[in-house]
Amino acid sequence: ASAPRTTETVRLAILKTLAAIGSCEKSKGALRDVASNAADAVVPFTHAHGRRRAAGSAPHTLEVMGAARDAVVGLAAVAPDAVWTALATSASSVDDFYVKAPRW
């Protein structure tokens, strides 16, 4: 198999495992200590041009994006605040995104 296909296979396996662990009431505690870091790593894979995608590499496939979304849902069952923060950070890291500072 080619390197990109092998990489995608590994990504899918990891993402599906995170989703399965997070969605199982008996096992989701195993993610408690790593959920925040896992959310930061997974969220960029939920869209085609995630910020951590290597320069020059192809956009993420629909299969990877779907598995990443499922993993985010699983992680949200463990650490909802960490997932929300990762999603907000990812959304605001777009180059043309601007958030006006609030006036108190």
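Everything below is about the structure printed above this text.
Residues numbered from 1 in each chain as written. Predicted model: local features only at pLDDT ≥ 70, side-chain atom pairs only at ≥ 80, totals over all residues. Heavy atoms only, no water.

Account for the overall build of the protein, naming residues and giving values.
Secondary structure summary: the protein contains 4 helices and 0 strands in total. Along its sequence from the N terminus, the protein presents helices and strands in the succession α-α-α-α. For the protein, the residues scored as buried account for 31% of the 104 residues in total. Long-range pairs, those at least 24 residues apart, make up 60% of the contacts in the protein with a sequence separation of at least 6. (Helix = DSSP H or I, 4+ residues; strand = E, 2+ residues; numbered from the N terminus. Buried < 20%, exposed > 50% of the residue type's maximum accessible area, 1.4 Å probe, protein only. Contact = heavy atoms within 4.5 Å.)

Talk me through the packing of helix α2 (residues 35–42) against helix α4 (residues 80–92); I want residue IDs and the actual numbers.
Relative orientation of the contacting elements α2 and α4 amounts to 25°, with a least axis distance of 9 Å. With respect to α4, the axis of α2 lies roughly parallel. The handedness of the crossing between α2 and α4 is right-handed. Residues S36, A39 and D40 of α2 pack against A82, V83 and A86 of α4. Considering only residue class, the contact of α2 with α4 consists of 4 nonpolar, 1 polar and 1 charged. (Axes fitted to C-alpha atoms, helices over the stretch in contact; angles between N-to-C directions. Parallel < 35°, antiparallel > 145°, perpendicular 65-115°, else oblique. Left-handed = near helix turned anticlockwise from the far one by under 90°. Nonpolar A, V, L, I, M, F, W, Y, C, P; charged D, E, K, R; others polar.)

Explain the side chain of E8 to me, using residue names and the numbers behind them.
Tracing the backbone shows E8 in helix α1 (residues 3–23). Once you skip the residues sitting within four places of it in the chain, E8 turns out to touch T61, E63 and V64.

Which residues make up the pattern of salt bridges, and what are the values?
Going through the model one piece at a time under the given rule, you end up with 2 salt bridges. A salt bridge links R5 to E8, with the nearest nitrogen and oxygen atoms 3.1 Å apart. Note that R5 and E8 are positioned in helix α1 at a spacing of 3 residues, about one turn of the helix. With a relative accessible area of 41%, R5 lands in the partly exposed category. In this structure, E25 engages K28 in a salt bridge whose closest nitrogen and oxygen atoms are separated by 3.4 Å. Look at E25 and you get exposed, because its relative accessible area is 61%. (Salt bridge = Lys/Arg side-chain N within 4 Å of Asp/Glu carboxyl O.)

So what's going on with the packing of α1 against helix α3 (residues 62–78)? Which residues, and what values?
Helix-helix packing: each pair is described by the crossing angle between the helix axes and the interaxial distance. Remark: α1 packs on α3, axes separated minimally by 7 Å, with the N-to-C direction vectors making an angle of 30°. The angle between α1 and α3 places the two elements in the roughly parallel class. Seen from above, α1 lies across α3 with left-handed handedness. Across the interface between the two elements, E8, L12, L15, K16, L18, A19, G22 and S23 from α1 touch E63, V64, A67, A68, D70, A71, G74, A77 and V78 from α3. Its residues placed into classes, the contact of α1 with α3 shows 10 nonpolar, 3 polar and 4 charged.

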